[in-house]
Amino acid sequence: MRGTSNNNRGRARKPEHTWRTLGRLLQYTFASSRTMWVVSIISIIVAALSASLGSKFIQTLIDSYIMPLTKEATPNFAPLIQAIAIMAAIYYTGVIGTGIFTQLQVIIGQRVQKQIRDEMFEHMQSLPMSYFDRNDVGDIMSRYTNDVDTLMQMISQSIPTFIQSLFNMVFVLIMMILISPLLTLLSLVVLGLSIIFVRVLFSQSSRYFSAQQRALGTVNGYAEEILNGLKVVKVFSHEQAVQKQFDTYNSGLRNDSAKANAYATMVFPIMGNMSNLLYVLTAVVGGTLAVNNVITLTLGGLAAFLQLSRGFTQPVAQISQQVNSIIMALAGAERIFGLLDEKPESDDGKVTLTNMKKDAAGNLVPTKEHTENWAWQVPGTPVKLVPVQGVVEFKDVNFSYYPGVQILHDINLTAKAGEKVAFVGATGAGKTTITSMINRFYDIDSGQITYDGIDIREIKKADLRRSLAIVLQETNLFTDTIMNNIRMGNLDATDDEVIAAAKLANADEFIQELPKGYQSTIDGDGSDLSQGQRQLLSIARAAVADPPVMIMDEATASIDTRTERAVQAGMDNLMKGRTTFVIAHRLSTIFNSDLIIVLDHGKIVERGNHEQLMAQHGEYYQLYTGSLVLE
Ligand SMILES: Nc1ncnc2c1ncn2[C@@H]1O[C@H](COP(=O)(O)OP(=O)(O)OP(=O)(O)O)[C@@H](O)[C@H]1O
């Protein structure tokens with residue numbers, strides 16, 4: 001199937017609705033850890049208050065304890081020691097507050113991280129296939145990784161630091177005003193000017209850093225692309241050309257990094273020394289004003305003020321830093337919420353699949369026992385049981401993936417119970433699309449598809465899909481034992497049932513030859529198995545599901561003749577007694593089909609069995625005699 005994935009991997013660096021997303025995120029995190037948030041914010045306030053009170057206490061310490069001591073002949077240090085102990089207690093309270101909130105925020109962050117990942121995963125499973133056509137895997141993956149990570153960072157670090165800095169600033173400002181309003185005003189003016197200066201420098205440097213980031217992205221992207229296509233590079237001996245291209249990108253990165261770092265090494269020391277400058281300026285101006293009696297400032301007052309002014313520049317710098325990372329994290333949060341807000345697959349089906357048995361009076365009734373006698377349970381009074389037979393009918397079916405681009409046109413066909421129906425046609429004719437209608441990967445635009453006479457939209461999706469098995473061209477295997485990989489077809493299957501299914505699928509022989517047999521662990525995508533062996537496992541998986549209807553997408557990849565025979569025999573075994581839809585890529589495998597449907601641009605152009613179609617001397621005949629190419 002051709003996916004028309006819309007590559008929107010380009011990260012949004014800024015959220016579209018900053019405040020709305022922030023509000024929603026805070027609500028989300030508050031809801032899961034209300035008490036922890038309250039305790040955390042109280043601890044932040046305590047920490048900020050202690051820091052500024054501690055600095056302010058320097059004034060009392062110098063003016064009321066140290067200065068009087070310098071005038072005494074036999075100084076008594078006891079009160080000073082007591083005062084120092086009080087100051088230590090104030091600072092210590094702050095340390096405890098900081099300890100509590102940092103711990104709590106990490107816990108909250110972890111909790112939100114887990115909750116969000118769980119919710120995203122659960123929600124993702126409920127999304128329709130069309131969502132995955134629109135969004136590529138890398139893009140969805142980055143929501144689980146980058147976006148959740150930055151979000152966690154924001155909750156456990158940026159937000160608490162932001163709140164703490166805010167309170168620090170407010171408390172320090174109050175203390176400074178209490179000591180000297182005029183000096184405070186002066187500090188604010190100097191600070192304002194220095195912020196403007198720093199911003200100018202910063203905007204210059206961020207230009208260089210953006211260029212560095214872009215160059216880094218190019219180098220990484222190129223390395224990734226080449227890694228993925230390593231075989232092609234080797235096959236066509238492109239190593240040197242690839243190396244040259246990489247060198248070019250890498251040199252570009254070095255140049256941009258050099259510029260960015262040169263600027264940074266110049267700018268950051270200036271920014272770092274800004275607070276020292278402010279400190280010296282306040283000391284000189286404050287001292288001069290006090291000596292000249294323009295303001296009344298004690299020595300203790302000046303010392304405390306200087307300490308406080310230091311504590312004022314730091315939070316200002318921190319706030320602007322945190323705002324940047326909060327904005328970036330909000331962009332991620334927006335993308336996460338975007339995924340969570342996607343509408344799940346609609347499922348209004350009420351008809352369910354059930355086992356049935358005869359009761360004492362000989363009537364068929366639904367049962368939870370595994371009778372292997374399946375029926376559709378149609379709700380109503382009385383509940384109706386329709387035996388599952390596997391009759392599938394398309395009536396005037398039309399379908400388009402995107403509005404206005406119709407893919408299937410007026411499809412009418414009936415597959416009777418146990419029949420083998422094959423779809424043939426050139427690539428893109430709509431073979432895969434037709435089969436995706438049966439299991440409701442996509443919903444049809446108009447017409448009707450019935451399963452044992454019931455409209456498939458009335459059947460609960462999970463039950464509909466349970467009654468169908470699909471052998472896909474591409475076999476997805478998971479990191480687990482062979483036994484469990486086959487069991488994916490039916491999680492309730494016993495080991496014996498799995499082995500029986502593998503035998504039916506012709507997979508048993510090669511499995512037995514593996515060192516650990518059914519307990520051999522498959523690595524990730526099963527790259528240590530051959531293409532044919534992977535297909536055999538996929539057939540075994542369908543066999544263990546034992547459904548009345550099967551959809552088989554024949555493998556196109558060439559496999560050795562012996563394995564191909566095994567795969568074909570496995571498929572044939574599996575088809576016996578079931579309605580089967582085959583997407584045929586090789587005409588040799590479909591002679592014995594009960595019905596062959598020839599498709600062209602989403603329309604049925606011919607139908608019949610092999611003999612009938614050959615006699616017609618039409619499209620099928622041409623395909624078969626080689627005048628037309630199938631793939
Ligand atoms: N997920 C999708 N979104 C949009 N268009 C699609 C999608 N899948 C298939 N198509 C389009 O629908 C048409 C039929 O595709 P389909 O995959 O059903 O053909 P096919 O006969 O199975 O081809 P092949 O033999 O190459 O697998 C093509 O034009 C294809 O581009």
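All values reported here derive from a predicted model rather than from experimental measurement. (Residues numbered from 1 in each chain as written. Predicted model: local features only at pLDDT ≥ 70, side-chain atom pairs only at ≥ 80, totals over all residues. Heavy atoms only, no water.)

Details of the overall build of the protein
Thought 1: What the protein contains, in helices and strands, is 18 helices and 16 strands.
Thought 2: For 631 residues, the compact-globule formula gives about 25 Å, and the C-alpha radius of gyration of the protein, at 36 Å, lies well above that figure.
Thought 3: Long-range pairs, those at least 24 residues apart, make up 74% of the contacts in the protein between residues at least 6 apart in sequence.
Thought 4: A total of about 33,300 Å² of accessible surface is found on the protein, and carbon and sulfur atoms cover 58% of it.
Thought 5: In the protein, 53 positive and 59 negative side-chain charges are present, and the distance between their average locations comes to 8 Å. (Helix = DSSP H or I, 4+ residues; strand = E, 2+ residues; numbered from the N terminus. Rg over C-alpha atoms; globule rule 2.2 N^0.38 Å. Contact = heavy atoms within 4.5 Å. Areas by Shrake-Rupley, 256 points an atom, 1.4 Å probe, with all protein chains shown as cover. Lys, Arg positive; Asp, Glu negative; His and termini not counted. Charge placed at Lys NZ, Arg CZ, Asp CG, Glu CD.)

What about the pattern of salt bridges?
Thought 1: Applying the stated rule across the entire model yields 15 salt bridges.
Thought 2: Among the ionic pairs, Arg-335 bridges to Asp-147, the shortest N-O distance being 2.7 Å. With Arg-335 in helix 9 (residues 299-341) and Asp-147 in helix 5 (residues 137-179), this residue pair connects regions lying 188 residues apart in the sequence.
Thought 3: Relative accessible area serves as the criterion here: at 12%, Arg-335 is assigned to the buried category. (Salt bridge = Lys/Arg side-chain N within 4 Å of Asp/Glu carboxyl O. Buried < 20%, exposed > 50% of the residue type's maximum accessible area, 1.4 Å probe, protein only.)

Side note on the packing of aromatic side chains
Thought 1: A full pass over the atoms with the stated rule returns 14 aromatic pairs.
Thought 2: Seen from their ring centres, Phe-399 and Tyr-401 are 4.8 Å apart, and the 80° between their planes marks the pair as edge-to-face.
Thought 3: One cation-aromatic arrangement involves Arg-207 over Tyr-208; the distance from NZ or CZ to the ring centre is 5.6 Å. (Phe/Tyr/Trp six-rings, centres within 6.5 Å; stacked < 30°, edge-to-face > 60°. Lys NZ or Arg CZ within 6 Å of the ring centre and 35° of its normal.)

Points about the sheet that holds strand 6 (residues 405-415)
Thought 1: In space, the 4 strands of this open sheet follow the order 6-5-8-9, with antiparallel pairing throughout. With one partner strand each, in any of the chains shown, strand 6 and strand 9 (454-455) form the two edges of the open sheet.
Thought 2: With 7 bridges connecting them, strand 5 (residues 392-402) and strand 6 associate as antiparallel partners. In the sheet register, Ser-400 faces strand 6, and the bridge partner there is Gln-406.
Thought 3: Contacts from helix 10 (residues 431-438) reach strand 5, strand 6 and strand 8 (446-451) within the one sheet, and its direction differs from that of strand 5 by about 115°. (Pairing = 2+ DSSP bridges. Axes fitted to C-alpha atoms, helices over the stretch in contact; angles between N-to-C directions.)

Quick look at helix 1 (residues 18-32)
Thought 1: With 15 residues, helix 1 should reach 21 Å at 1.5 Å per residue; the first-to-last C-alpha distance of 21 Å fits that figure.
Thought 2: When helix 1 is considered as a whole, its buried residues turn out to be Thr-21, Leu-22, Leu-25, Tyr-28 and Thr-29. For helix 1, the angular spread of the buried residues around the axis is 130°, confining them to a single face. Opposite the buried face of helix 1, at more than 90 degrees from it, the exposed residues are Trp-19, Arg-20, Gln-27 and Ala-31. (Expected span 1.5 Å × (residues − 1). Arc of directions from axis to C-beta.)

Focus: the sheet that holds strand 2 (residues 364-367)
Thought 1: Across the sheet, which stays open at both edges, the 4 strands sit in the order 2-1-3-4 with antiparallel pairing between neighbours. Each edge of the open sheet is held by one strand with a lone partner, namely strand 2 and strand 4 (384-387). Put simply, the sheet's adjacent strands are angled 50° from each other on average, direction ignored.
Thought 2: The pairing of strand 1 (residues 352-358) with strand 3 (residues 374-378) spans 4 bridges and is classified as antiparallel. Along strand 3, the bridge assignment pairs Thr-352 with Gln-377.

As for the side chain of Asn-485
Thought 1: Its place among the elements puts Asn-485 in helix 12 (residues 482-487).
Thought 2: Judged by its relative accessible area of 2%, Asn-485 falls in the buried class.
Thought 3: Setting aside residues up to four positions removed in sequence, Asn-485 forms contacts with Leu-477, Phe-478, Asp-480, Ile-522 and Arg-541.

Things to note about the nonpolar core
Thought 1: Val-424, Ile-486, Ile-511, Leu-537, Ile-590 and Tyr-620 are the most contacted members of the largest nonpolar core, which has 42 residues in total.
Thought 2: Here the element with the most residues in this core is helix 15 (residues 531-545); it accounts for 7 residues.
Thought 3: Among the domains, domain 4 (388-467 + 547-631) and domain 5 (481-546) are the pair contributing at least three residues each to this core.
Thought 4: If we ignore the near neighbours within four places in the chain, the residues touching Ile-590 are Lys-420, Ala-422, Val-424, Val-582, Ala-584, Ile-596 and Tyr-620.
Thought 5: Core analysis: the next-biggest nonpolar cluster, separate from the first, contains 36 residues, Val-388, Ile-456, Ile-459 and Val-549 among them. (Core = buried A, V, L, I, M, F, W, Y, C linked by side-chain atoms within 4.5 Å. Domains from an automatic or database assignment.)

Things to note about a nonpolar patch on the surface
Thought 1: On the surface, Leu-182, Leu-185, Val-189, Leu-193, Ile-196, Val-200 and Val-294 cluster together to form a nonpolar patch covering roughly 680 Å² of accessible area.
Thought 2: With respect to the element layout, Val-200 can be found in helix 6 (residues 181-228). (Patch = residues over 30% accessible without salt bridge, like charges linked within 9 Å, V, L, I, M, F, W, Y side chains within 5 Å.)

Some details on the pairing of strand 16 (residues 603-608)
Thought 1: In this sheet, strand 16 lies alongside strand 15 (residues 595-600) in antiparallel orientation, the contact comprising 5 bridges. Each residue of the ladder has a partner; that of Val-598, found in strand 16, is Glu-606.
Thought 2: Hairpin geometry of strand 15 and strand 16 is characterised by an intervening segment of 2 residues between the two adjacent antiparallel strands and by a positive phi of about 45° at His-601.

What to know about helix 5
Thought 1: Counted at 1.5 Å a residue, the expected span for helix 5 with its 43 residues is 63 Å, and the 60 Å between its end C-alpha atoms agrees.
Thought 2: A maximum bend of about 45° is found in helix 5 at Met-154. (Bend = angle between axes of the 7 residues up to and from the residue.)

Some thoughts on the pairing of strand 5
Thought 1: Taken together, strand 5 and the strand that follows it, strand 6, pair antiparallel across an intervening segment of 2 residues, in which Gly-404 is found at a positive phi of about 90°.
Thought 2: The pairing of strand 5 with strand 8 spans 5 bridges and is classified as antiparallel. Considered in strand 8, the bridge of Glu-393 is made with Thr-450.

Here we look at the environment of Val-38
Thought 1: Turning to its location among the elements, Val-38 is positioned in helix 2 (residues 34-70).
Thought 2: Note on Val-38: relative accessible area 47%, which makes it partly exposed.
Thought 3: Put simply, Val-38 and Gln-533 are 495 residues apart on the chain and 58 Å apart in space, counted from C-alpha to C-alpha.

With respect to the packing of helix 1 against helix 9
Thought 1: In contact at an axis separation of 10 Å, helix 1 and helix 9 are set at 70° when each is read in the N-to-C sense. As summarised for this structure, helix 1 and helix 9 are arranged roughly perpendicular, according to the angle between their axes. Between helix 1 and helix 9, the contacting residues are Thr-18, Thr-21, Leu-22, Arg-24, Leu-25 and Tyr-28 on the first element and Leu-330, Ala-333, Glu-334, Phe-337 and Asp-341 on the second.
Thought 2: Considered class by class, the residues forming the contact of helix 1 with helix 9 number 6 nonpolar, 2 polar and 3 charged. (Parallel < 35°, antiparallel > 145°, perpendicular 65-115°, else oblique. Nonpolar A, V, L, I, M, F, W, Y, C, P; charged D, E, K, R; others polar.)

Focus: unusual backbone geometry
Thought 1: In the segment running from Thr-381 into Pro-382, the intervening peptide bond is cis, with an omega of -5°.
Thought 2: Mapped onto the elements, Pro-382 comes out in the loop between strand 3 and strand 4.
Thought 3: Even without being glycine, Asn-293 reaches a positive phi, approximately 60°.
Thought 4: For Asn-293, the position within the fold is in the loop between helix 8 (239-291) and helix 9.
Thought 5: Taking the relative accessible area as the measure of exposure, Asn-293 reaches 65% and is therefore exposed.
Thought 6: Here the phi dihedral of Asp-546 falls at roughly 50°; this positive angle occurs in a residue that is not glycine.
Thought 7: Note on placement: Asp-546 falls in the loop between helix 15 and strand 13 (549-553).

No statement about biological role is implied by the geometric values presented.
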